[in-house]
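Okay, here's what each chain looks like letter by letter:
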2 protein chains.
Amino acid sequence: MRTGTNPTGLVAGFNIPAEIGMDLADVATPSLIIELDAFERNVATLRDRLADAGVRLRAHSKTHKSVDIARYQIEHGGACGICCQKVAEAEVMVAGGIDDVMLSNQVVDRHKIDRLARLSGRARILVCVDDHGNVDDLATAAMRHHGMLECLVEIDVGAGRCGVQPGPDALAIAQKIDSCEGLKFAGIQAYQGSAQHIRSYTERRSAIESAADMTSATVSLLSEHGLDCAIVAGAGTGSYYFEAASGIYNEMQCGSYIFMDADYQRVLDEQDRPIVEFENSLFIWTSIMSKTRADKAVCDAGLKVMSLDSGLPVVFGRDDLEYIECSDEHGVIADPQNNLCLNDRLKLVPGHCDPTCNLHDWYVGIRNDRVECLWPVSARGRAF
Amino acid sequence: MRTGTNPTGLVAGFNIPAEIGMDLADVATPSLIIELDAFERNVATLRDRLADAGVRLRAHSKTHKSVDIARYQIEHGGACGICCQKVAEAEVMVAGGIDDVMLSNQVVDRHKIDRLARLSGRARILVCVDDHGNVDDLATAAMRHHGMLECLVEIDVGAGRCGVQPGPDALAIAQKIDSCEGLKFAGIQAYQGSAQHIRSYTERRSAIESAADMTSATVSLLSEHGLDCAIVAGAGTGSYYFEAASGIYNEMQCGSYIFMDADYQRVLDEQDRPIVEFENSLFIWTSIMSKTRADKAVCDAGLKVMSLDSGLPVVFGRDDLEYIECSDEHGVIADPQNNLCLNDRLKLVPGHCDPTCNLHDWYVGIRNDRVECLWPVSARGRAF
């Protein structure tokens, strides 16, 4: 880690914002920091809840894209394996020693299918399908590489994105998978993505009840035709307690629970209060770089270090401040009491954690205001 | 380039989506492609217009973050040098051989000031200031490294972000710079960033006229006190023709003109028509990965390969299609005529080019539907 270090404490060439042992105050800004105590509590909380519910966790690595975090989720967080969204992410995770990976997505391009089939010789690989021709292509590739791909039929349970309709359409694809050498029918993928961020508890529950009903009917239909669903998968941080209690889902794909973000904290519980079972552990570490007006300050964290798709970031632990405007490399912070000075440091809670992490090369792990670890965002930018 | 190549044509480990000579159809999706003919025409167009106007171009590298493109702008595009927003970007550009770099931004952290002063021994370095204490810090660092930093006073000409007020406040900082060993007073930075995307031609012109008036008064005041502004800098792709004609600005900082994006094409000319002097040359290359409904399709390009801060992408050259919904790794495309099939390829014009480029590791340069070059996004993620 010390090779190439210059006197400022930054390692040239690798874009590393900190060194182990450094004070948080000296970490370069803007950068992505994890408060490790909060992170570890989040991991333990979900592990314990899912153990109590008797369902598996297959943690979604699309949130963090980090081999180190995936390993931690498996070793300490009760995860049976991980999910990825892209073949390139799966390649990184398998290279990093993760041996049970579900592509919770379709893989239809012939080059990508080939890469996925090749991976199946090195790790357990599962993939979702919603097209008959795709089943043929996956089988051909699996046989070419003497591998085996476990396939889940993805059904659309209300998100309106990928997946066939529940019921007979799903049965037809499941039967096709079951008939193909090189493939194994593994179950149903029934993720209700659009329900995760519904604010109202009752509306969110209703969306998942509807998804669970469609899933249950499909699982029964398949069973009547001799096809058992070893895996019935779905759920995310915003709704997992409904799926876990449904009696039909048995594998949860939560991702954001490790970090949380400003948008997830707008999701409400049964009493219309923000849900507090998971804590903010992920922050943009930023500093004030211009202070020419009494009521405003400008920080160095803009669009290129956090995603705005789910709104502006929130200044953590500072009720006196509000992040009000974001441009490429700047954030304008309302400072009505004129509390901020040049070079002051702030923690920002990003609006949406997944695409924010994908902008950074490193996580800086912090405990008691010191840098304890540096984890690369191993699959950052691995989009294909 | 061939080391580590697997049979699919992708180079493992470097996240490269293509190989030189490959057909566009075989380039991995989603990825970032440049249509080189359009790109080169854009570069030549601005070069010729600014030459006619008798003002300099200092191209803004925050758009592309590419040493290759910066070099091209200097060698073929009439640029006298480049702008950067971050010290880490400047380090990458100087390492790549660019020898005239303006930090069009404040640098106030002591580690960053040290790195910037060090760079000034290897290249001409200019930096913007809006704080008296910062002037002292820059001077101390420049002397420590036996370098020289050219400083511009940034004035706020309406954008409401960084910069001191025009007039006496600017004069005071300019005098301070002029009195410091290790620094050289270089002029005024007067960028009206918030005017760039004003749709109406007359409102945009009015914003720049106001900025030019404030700038002119400040330049005159400084001149009365014996301080000549060698550089009066500002302007962007959305307004440069106003600054270039103002008689006061002499250095233009356009960035997006090389690529354009969906938002810049909503900026209107005098007759309320979209401005067409620059063409779309930058696209997200995407493919259809799920097609289970007649009227919709799902592509593989979502939030992690393009920034949504300025709206959804536009499907290029396809009036029959509309990109209507974006999630982390998916885009839903309305396909009312059911024209799309699995694995069809599309070009998307991103809403905002700068933060979109910052998501990718490589530009794939295309001419006549073949890959002609691969340019790394050299300063991607260099945020500090």
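Preceding block: the structure.
**Some points on the overall build of chain A**
Reasoning step 1: Each helix and strand counted, chain A has nine helices and 17 strands in total.
Reasoning step 2: In summary, chain A has a C-alpha radius of gyration of 22 Å against a globular reference of 21 Å for 384 residues, a match within 12%.
Reasoning step 3: For chain A, with 384 residues in total, the buried portion stands at 64%.
Reasoning step 4: Partitioning the contacts of chain A with sequence separation of at least 6, the portion at a separation of at least 24 is 68%.
Reasoning step 5: For chain A, the computed accessible surface area is about 13200 Å², with 48% contributed by carbon and sulfur atoms.
Reasoning step 6: A distance of 4 Å separates the average location of the 36 positive side-chain charges in chain A from that of its 55 negative side-chain charges.

**Focus on the sheet that holds strand E9 (residues 251-252) of chain A**
All names here are of chain A.
Reasoning step 1: As summarised here, the arrangement of the eight strands in space is E2-E3-E4-E5-E6-E7-E8-E9, forming a closed barrel in which the pairing is parallel.
Reasoning step 2: Note: strand E6 (residues 149-154) against strand E7 (residues 183-189), six bridges, orientation parallel. Bridging across to E7, Glu150 finds its partner in Lys184.

**Overview of the interface of chain B and chain A**
Reasoning step 1: Counting from both sides, the interface comprises 65 residues of chain B and, opposite them, 64 residues of chain A.
Reasoning step 2: For chain B, the biggest contributors to the area lost against chain A are Arg161, Lys304 and Phe384 of chain B; these three give 12% of the whole.
Reasoning step 3: Remark: the boundary between chain B and chain A carries eleven salt bridges.
Reasoning step 4: Joining chain B to chain A, the criterion identifies 38 residue pairs in polar contact (both at pLDDT 80 or more).
Reasoning step 5: Listing elements by their share of the side of chain B that touches chain A, those giving two or more residues are helix H4 (110-119), strand E10 (282-293) and helix H9 (353-357) of chain B.
Reasoning step 6: Residue contributions to the side of chain B that touches chain A peak at six residues, all from H4 of chain B.
Reasoning step 7: Taken together, the residues that form the side of chain B that touches chain A break down as 20 nonpolar, 20 polar and 25 charged.

**Some points on the relation of the copies chain B and chain A**
Reasoning step 1: With an RMSD of 0.0 Å, the operation that places chain B on chain A is a rotation of 180 degrees combined with a shift of 0.0 Å along the axis. Such a combination of rotation and displacement between the chain copies is what one expects of a two-fold axis.
Reasoning step 2: Taken together, the interface assignments show that 98% of the residues at the interface of chain B recur at the interface of chain A, consistent with an identical surface on both copies.

**Quick notes on the side chain of Asn134 of chain B**
Reasoning step 1: Within the element layout of this structure, Asn134 of chain B appears in helix H5 (residues 132-144).
Reasoning step 2: For Asn134 of chain B, the contacting residues outside a window of four places in its chain are Val107, Val108, Ile113 and Val129 of chain B.

**Observations concerning the pattern of salt bridges**
Reasoning step 1: As enumerated under the stated definition, the model contains 65 salt bridges over all chains in all.
Reasoning step 2: Between Asp136 of chain B and Lys176 of chain B there is a salt bridge, and its shortest N-O distance comes to 3.0 Å. Taken together, the residues span a long stretch of sequence, with Asp136 of chain B in helix H5 and Lys176 of chain B in helix H6 (residues 168-178) at a distance of 40 residues.
Reasoning step 3: Judged by its relative accessible area of 23%, Lys176 of chain B is partly exposed.
Reasoning step 4: Counted as one network, the salt bridges with shared partners bring together Arg56, Arg58, Asp100, Arg124, Glu150 and Glu251 of chain A.

**Observations regarding the packing of helix H3 (residues 87-95) of chain A against helix H4 (residues 110-119) of chain A**
All names here are of chain A.
Reasoning step 1: Two elements in contact, H3 and H4, have axes separated by 10 Å at closest approach and are oriented at 25 degrees. As far as their axial angle goes, H4 and H3 are roughly parallel. Of the two elements, H3 crosses H4, and the hand of that crossing is left-handed. Contact with H3, carried on its side by Val87, Ala88, Ala90, Glu91 and Val94, involves Lys112, Arg115, Leu116 and Leu119 of H4 and no other residues of that element.
Reasoning step 2: Split into classes, the residues belonging to the contact of H3 with H4 amount to six nonpolar, no polar and three charged.

**Topic: the packing of aromatic side chains**
All names here are of chain A.
Reasoning step 1: Tallied over the entire structure, the rule returns 20 aromatic pairs over all chains.
Reasoning step 2: Judged by centre distance (5.2 Å) and plane angle (65 degrees), the rings of Tyr201 and Phe242 are edge-to-face. Of this pair, Tyr201 sits in helix H7 (residues 201-224) while Phe242 sits in helix H8 (residues 240-244); the two residues are 41 residues apart in sequence, bridging distant segments of the chain.
Reasoning step 3: A relative accessible area of 17% means that Tyr201 is categorised as buried.
Reasoning step 4: On the basis of an interplanar angle of 45 degrees and a centroid distance of 6.2 Å, the ring pair of Tyr240 and Phe278 is categorised as tilted. With Tyr240 in helix H8 and Phe278 in the loop between E9 and strand E10 (282-293), this residue pair connects regions lying 38 residues apart in the sequence.
Reasoning step 5: A relative accessible area of 2% places Phe278 in the buried class.
Reasoning step 6: Taken together, Tyr201, Tyr240, Tyr241, Phe242, Tyr257 and Phe278 form an aromatic cluster joined through their ring pairs.

The rules behind the values
- Residues numbered from 1 in each chain as written.
- Chains lettered and ligands numbered in written order.
- Predicted model: local features only at pLDDT ≥ 70, side-chain atom pairs only at ≥ 80, totals over all residues.
- Heavy atoms only, no water.
- Helix = DSSP H or I, 4+ residues; strand = E, 2+ residues; numbered from the N terminus.
- Rg over C-alpha atoms; globule rule 2.2 N^0.38 Å.
- Buried < 20%, exposed > 50% of the residue type's maximum accessible area, 1.4 Å probe, protein only.
- Contact = heavy atoms within 4.5 Å.
- Areas by Shrake-Rupley, 256 points an atom, 1.4 Å probe, with all protein chains shown as cover.
- Lys, Arg positive; Asp, Glu negative; His and termini not counted.
- Charge placed at Lys NZ, Arg CZ, Asp CG, Glu CD.
- Pairing = 2+ DSSP bridges.
- Buried area = accessible area lost by both parts, 1.4 Å probe.
- Salt bridge = Lys/Arg side-chain N within 4 Å of Asp/Glu carboxyl O.
- Polar contact = N/O pair within 3.5 Å; in protein donor to acceptor, adjacent residues only side chain to side chain.
- Nonpolar A, V, L, I, M, F, W, Y, C, P; charged D, E, K, R; others polar.
- Least-squares fit on C-alpha atoms with pLDDT ≥ 70 in both.
- Axes fitted to C-alpha atoms, helices over the stretch in contact; angles between N-to-C directions.
- Parallel < 35°, antiparallel > 145°, perpendicular 65-115°, else oblique.
- Left-handed = near helix turned anticlockwise from the far one by under 90°.
- Phe/Tyr/Trp six-rings, centres within 6.5 Å; stacked < 30°, edge-to-face > 60°.

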